[in-house]
Amino acid sequence: MFDDLRDLYQEVILDHGKNPRNFGKPENFNRMARGENPLCGDKINVYLSIGADGRVQDAHFDGRGCAISQASASLMTETLKGKTEAEAEALFGHFHDMCTKDDHEHTDHGPLDPEAVEKLDVLSGVREFPMRVKCATLAWHTMHAAIHGDDKTTTE
Amino acid sequence: MDTRILTNAPYDVDKVRQDFPILTRLVHEKPGRPGKPLVYLDNAASAQKPRAVIDAMAHFMAHDYSNVHRGVHYLSQVATNLYEATRVKTATFLNAPSPDTIVFTRSATEAFNLVASSWGGAHLKAGDEIILSVMEHHANIVPWQLLRSRTGIVIKVAPVLDDGTLDLDALADLLKSPKVKLVSITHGSNVLGTVTPAAEIARMAHAAGAKVLFDGSQAAVHMPVDVQAIDADFYIMTGHKLYGPTGFGVLYGKAEVLESMPPYQGGGDMIQTVTFEETTFREVPHRFEAGTPPIVEGIGFGAAIDYVTALGMDAIHAHEQRLLAYATEKLRAIPGLRLIGTSPTKAAILSFTIEGVHPHDIGTLVDRAGVAVRVGRHCAEPLMDRFGVGATARASFALYNTEAEADALVDAVRAVREFFN
């Protein structure tokens with residue numbers, strides 16, 4: 001019945017949605033933000049541990065949401081590790097473009113980690129579902145807020 | 001509830017469906033991929049429009065359009081008569097004692113803001129209490145909070161039982177306070193479907209010296225409403241859920257209550273004379289209708305009332321209750337599905353969750369099967385908290401839905417479970 005939804009709900013997404021990685025509040029973190037999508041009620045906390053060298057040592061999240069938002073948060077925490085703040089922001093810029101624009105419309109956000117880009121590509125199906133873009137980007141907006149010291153963000 | 005005699009003619013839903021042009025369309029049509037027939041179960045958000053409403057609005061704009069209440073020319077009189085005819089129809093529909101007790105607004109939301117601002121502003125002072133219920137739509141919460149921040153009123157909240165029935169004992173306890181001035185409660189929950197015992201609530205409120213307001217945005221669509229029988233001081237409904245256009249709402253108020261209220265918005269049409277020193281206002285209900293009203297929408301709403309009245313609200317109610325029973329039984333048989341709202345008195349609204357699947361994902365998937373449901377918090381966040389859910393999926397039925405469509409919903413929901421397993 002849902003064959004043509006496999007582009008959106010790829011196996012990797014279903015897996016990360018069901019078994020999110022880096023889920024739960026860690027003992028140590030030095031940046032944190034809460035994100036909320038008021039339309040659907042999704043709530044998420046992102047916890048970052050940023051080292052003296054300015055790199056993300058660890059990233060975790062908790063909260064509740066749909067398969068897309070949970071999988072996106074899970075994949076994000078995996079790709080953030082080891083990135084500088086600038087690299088993390090560049091990845092966010094790329095991810096946002098990927099979810100909202102055709103390939104030729106992407107803008108340059110700075111150097112990107114090709115491995116991370118490949119990993120995040122499983123969420124590119126979201127582009128065909130404008131109502132679900134906010135599900136996919138919620139974790140990233142929240143990460144951005146955590147880095148910039150805003151403790152609350154919303155995708156509205 | 002009203003117990004007028006049920007109509008004897010069988011309800012011919014196939015014939016009814018022919019009145020709604022949109023119901024024949026396909027969704028998700030793409031080159032090389034056939035579309036799916038639309039199964040529209042998002043009626044509690046907004047209902048589809050019968051040809052009679054569409055044609056009435058188009059005909060009015062093509063033949064009879066003019067501003068109302070002010071011109072001496074021919075069309076102004078024609079348009080005014082047609083627009084005011086809707087007031088008479090609305091009064092009849094709600095069994096209001098007079099068309100003068102019917103105030104037109106641009107939405108149910110505006111009607112709530114009108115009562116909170118005008119009646120609340122004039123009659124409530126710091127420390128006075130109003131009682132809402134936990135299942136209120138945000139439109140019956142936020143206007144009171146705005147008033148609270150201006151005047152210092154106190155908002156009390158009546159709970160619901162686990163099946164979504166209003167907790168009348170708790171309401172009685174809240175009414176023991178001598179400070180309660182208003183009970184403002186839904187007549188039918190947009191999430192749970194719960195139909196509240198309006199007459200009993202009004203009796204309780206009046207015995208405590210409080211006025212009572214009912215949010216009929218859902219209830220008035222699903223069953224006959226008699227504002228005199230339930231003794232409502234205020235009753236609010238909206239046009240677009242009753243198969244009419246958007247941009248049109250109704251506030252019924254008892255004559256003496258409306259008379260006690262100052263104007264809400266100021267502007268044209270609501271005044272008698274204006275000088276820079278002093279302005280006098282028109283009589284009720286026009287005092288509350290500032291500016292050019294939603295004229296075309298009013299014509300459409302009148303046509304919608306004619307349409308449902310011809311079918312019979314009793315017959316519509318009976319049809320939807322059959323659908324409710326049928327869909328409830330089928331959904332309940334799905335493992336892991338939790339129905340939120342199982343009150344014995346319900347309108348055909350089914351909110352549910354599925355274990356392990358977020359409502360948003362349910363919505364996206366069943367949509368691919370052509371089934372339109374609402375997912376999210378339904379403008380009733382406190383109620384989501386009450387039932388410990390972040391969101392629900394909601395299927396809401398209307399006069400044109402069928403058992404086959406309930407089957408389509410159930411099949412799609414079953415497939416959702418399999419997809420995520």
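Residues numbered from 1 in each chain as written. Chains lettered and ligands numbered in written order. Predicted model: local features only at pLDDT ≥ 70, side-chain atom pairs only at ≥ 80, totals over all residues. Heavy atoms only, no water.

As annotated in an unreviewed UniProt entry, chain B is cysteine desulfurase from Nitrospirillum amazonense. The UniProt entry for chain B carries the following text under Catalytic activity (unreviewed entry): "(sulfur carrier)-H + L-cysteine = (sulfur carrier)-SH + L-alanine". Taken from UniProt, the Cofactor (unreviewed entry) comment for chain B reads in full: "pyridoxal 5'-phosphate". (UniProt positions renumbered as here; feature names shortened; annotations may be inferred.)

The name given to chain A in an unreviewed UniProt entry is Nitrogen fixation NifU-like protein, with Nitrospirillum amazonense as the source organism. Word for word, the UniProt comment on chain A under Sequence similarities (unreviewed entry) is "Belongs to the NifU family."

Draft legend 1. Molecular detail of the interface of chain B and chain A. Between chain B and chain A, the residue contacts involve 24 residues of the former and 25 residues of the latter. Interface area, chain B with chain A, both sides summed: about 1900 Å², of which 58% is carbon and sulfur. Among the residues of chain B in contact with chain A, Arg368(B), Arg377(B) and Phe419(B) are the three that bury the most area, contributing 33% of the side total. Here chain B and chain A share two salt bridges between them. The residue Glu36(A) makes a salt bridge to Arg377(B) at a minimum N-O spacing of 3.5 Å. There are seven residue pairs in polar contact (both at pLDDT 80 or more) connecting chain B and chain A. Only helix 12 (359–368) and helix 14 (403–419) of chain B provide two or more residues apiece to the side of chain B that touches chain A. Here the side of chain B that touches chain A takes six residues from helix 12 of chain B, the largest share from any one element. (Contact = heavy atoms within 4.5 Å. Buried area = accessible area lost by both parts, 1.4 Å probe. Salt bridge = Lys/Arg side-chain N within 4 Å of Asp/Glu carboxyl O. Polar contact = N/O pair within 3.5 Å; in protein donor to acceptor, adjacent residues only side chain to side chain. Helix = DSSP H or I, 4+ residues; strand = E, 2+ residues; numbered from the N terminus.)

Draft legend 2. Representation of the UniProt feature "domain: NIF system FeS cluster assembly NifU N-terminal" (unreviewed entry) in chain A within the structure. Here, the residues flagged by UniProt with the feature "domain: NIF system FeS cluster assembly NifU N-terminal" (unreviewed entry) are residues 9–91 of chain A. Secondary structure across residues 9–91 of chain A divides into 35% helix and 30% strand, with the first and last C-alpha atoms of the span separated by 22 Å.

Draft legend 3. Spotlight on the packing of aromatic side chains. Per the stated rule, a full pass over the model turns up 17 aromatic pairs over all chains. For the pair Phe419(B) and Phe420(B), a centre-to-centre distance of 5.3 Å together with 70° between the ring planes defines the contact as edge-to-face. The pair Phe419(B) / Phe420(B) is uniform in exposure class, with both members buried. Linked through ring pairs, Phe2(A), Tyr9(A), Phe419(B) and Phe420(B) together constitute an aromatic cluster. Arg386(B) extends its terminal NZ or CZ atom over the ring of Phe387(B), reaching a point 4.7 Å from the ring centre. (Phe/Tyr/Trp six-rings, centres within 6.5 Å; stacked < 30°, edge-to-face > 60°. Buried < 20%, exposed > 50% of the residue type's maximum accessible area, 1.4 Å probe, protein only. Lys NZ or Arg CZ within 6 Å of the ring centre and 35° of its normal.)

Draft legend 4. Structural view of the layout of surface pockets. What the largest pocket holds in volume is close to 800 Å³. When contributions to the lining of the largest pocket are tallied by element, the ones reaching two or more residues are helix 5 (133–147) of chain A together with helix 12, strand 15 (371–372) and strand 16 (374–376) of chain B. The leading source of residues in the lining of the largest pocket is helix 12 of chain B, at five residues. Taken together, the residues of the lining of the largest pocket break down into 15 nonpolar, nine polar and eight charged. (1 Å grid on protein atoms, 1.4 Å probe; cavity = no way out; pocket = protein on both sides within 12 Å on 5 of 7 lines; lining within 4 Å. Points joined across faces, edges and corners; volume = space filled by probe spheres on them. Nonpolar A, V, L, I, M, F, W, Y, C, P; charged D, E, K, R; others polar.)

Draft legend 5. Representation of the side chain of Ser69(A) in the model. Considering the arrangement of structural elements, one finds Ser69(A) in helix 2 (residues 67–80). In contact with Ser69(A), not counting residues within four places along its chain, are Asp42(A) and Cys135(A).

Draft legend 6. Local environment of the UniProt feature "domain: Aminotransferase class V" (unreviewed entry) in chain B. Following the UniProt record, the feature "domain: Aminotransferase class V" (unreviewed entry) maps to residues 39–409 of chain B here. Between the C-alpha atoms that bound residues 39–409 of chain B the distance is 8 Å, and the span itself is 39% helix and 18% strand.

Draft legend 7. Representation of the packing of helix 1 (residues 11–18) of chain A against helix 2 of chain A within the structure. Residue and element names in this part refer to chain A. Closest axis-to-axis distance for the helix 1/helix 2 pair is 7 Å, and the angle between their directions is 90°. Relative to helix 2, the element helix 1 is oriented roughly perpendicular. Facing helix 1, whose interface residues are Ile13, His16 and Gly17, helix 2 presents Ala67, Ile68, Gln70, Ala71, Ser74, Leu75 and Glu78. Classifying every residue of the contact of helix 1 with helix 2 by side-chain character gives five nonpolar, four polar and one charged. (Axes fitted to C-alpha atoms, helices over the stretch in contact; angles between N-to-C directions. Parallel < 35°, antiparallel > 145°, perpendicular 65-115°, else oblique.)

Draft legend 8. Structural detail: helix 2 (residues 51–64) of chain B. All names here are of chain B. Between its first and last C-alpha atoms helix 2 spans 18 Å; for 14 residues at 1.5 Å apiece the expected length is 20 Å, and the two agree. Within helix 2, the full set of buried residues consists of Val53, Met57, Phe60 and Asp64. All buried residues of helix 2 project into a common sector of 100° when viewed along the axis, lining one side. Residues of helix 2 that are buried in the fold lie against helix 3 (74–93) and helix 10 (295–311). (Expected span 1.5 Å × (residues − 1). Arc of directions from axis to C-beta.)

Draft legend 9. Region of interest: the pairing of strand 7 (residues 180–186) of chain B. Residue and element names in this part refer to chain B. Across the seven residues that make up strand 7, a large majority, six, are buried. Here strand 5 (residues 129–133) pairs with strand 7 via three bridges, running parallel. When the bridges of strand 7 are listed, Ile130 appears paired with Leu182. Bridge count for strand 7 against strand 8 (residues 211–215) is five bridges, and the pairing is parallel. Its bridge partner being in strand 8, Leu182 is matched across the sheet by Lys211. (Pairing = 2+ DSSP bridges.)

Draft legend 10. Just the pattern of salt bridges, in detail. Taken as a whole, this structure holds 31 salt bridges over all chains when the rule is applied. A salt bridge links Lys125(B) to Asp128(B); its shortest N-O distance comes to 3.5 Å. Asp128(B) gets classed as buried once you look at its relative accessible area, which sits at 4%. If you follow the salt bridges from partner to partner, you end up with Glu36(A), Arg377(B) and Glu381(B) in one network.

Draft legend 11. Representation of the state of the cysteines. All names here are of chain A. This structure, assessed with the given rule, holds zero disulfides over all chains. As a non-bridged cysteine, Cys99 has Cys135 as the owner of its nearest cysteine sulfur, 10 Å distant. The class for Cys99 is buried, based on a relative accessible area of 1%. Looking at the unpaired Cys135, the closest cysteine sulfur is the one in Cys66, lying at 3.8 Å. Among the residues examined, Cys135 registers a relative accessible area of 1% and is labelled buried. (Disulfide = S-S within 2.5 Å.)

Draft legend 12. Structural detail: the sheet that holds strand 9 (residues 234–238) of chain B. All names here are of chain B. Read across the open sheet, the seven strands follow the order 4-10-9-8-7-5-6; overall the sheet is mixed. Two strands bound the open sheet, and with one partner strand each, they are strand 4 (102–105) and strand 6 (154–158). Taken pair by pair, the neighbouring strands of this sheet meet at an average axis angle of 20°, ignoring direction. With five bridges joining them, strand 5 and strand 6 adopt parallel strand pairing. Paired with Leu132 across the strands is Val157, a residue of strand 6. Each of strand 5, strand 6, strand 7 and strand 8 touches helix 5 (residues 142–151); the most contacted strand, strand 6, lies at about 150° to it.

Draft legend 13. Looking closely at the nonpolar core. Core analysis: the largest hydrophobic core is formed by 82 residues, its most contacted members being Leu94(B), Leu171(B), Tyr235(B), Leu399(B) and Tyr400(B). Two domains each donate at least three residues to this core, and these are domain 1 (3–46 + 312–420) and domain 2 (54–309) of chain B. When near neighbours in sequence (up to four residues on either side) are disregarded, Tyr235(B) contacts Leu94(B), His187(B), Phe214(B), Gly216(B), Ala219(B), Ala220(B), Val225(B), Val227(B), Ile230(B), Val250(B), Leu251(B) and Tyr252(B). Membership of the second largest hydrophobic core comes to 78 residues, among which are Phe2(A), Leu5(A), Leu337(B) and Phe420(B). (Core = buried A, V, L, I, M, F, W, Y, C linked by side-chain atoms within 4.5 Å. Domains from an automatic or database assignment.)

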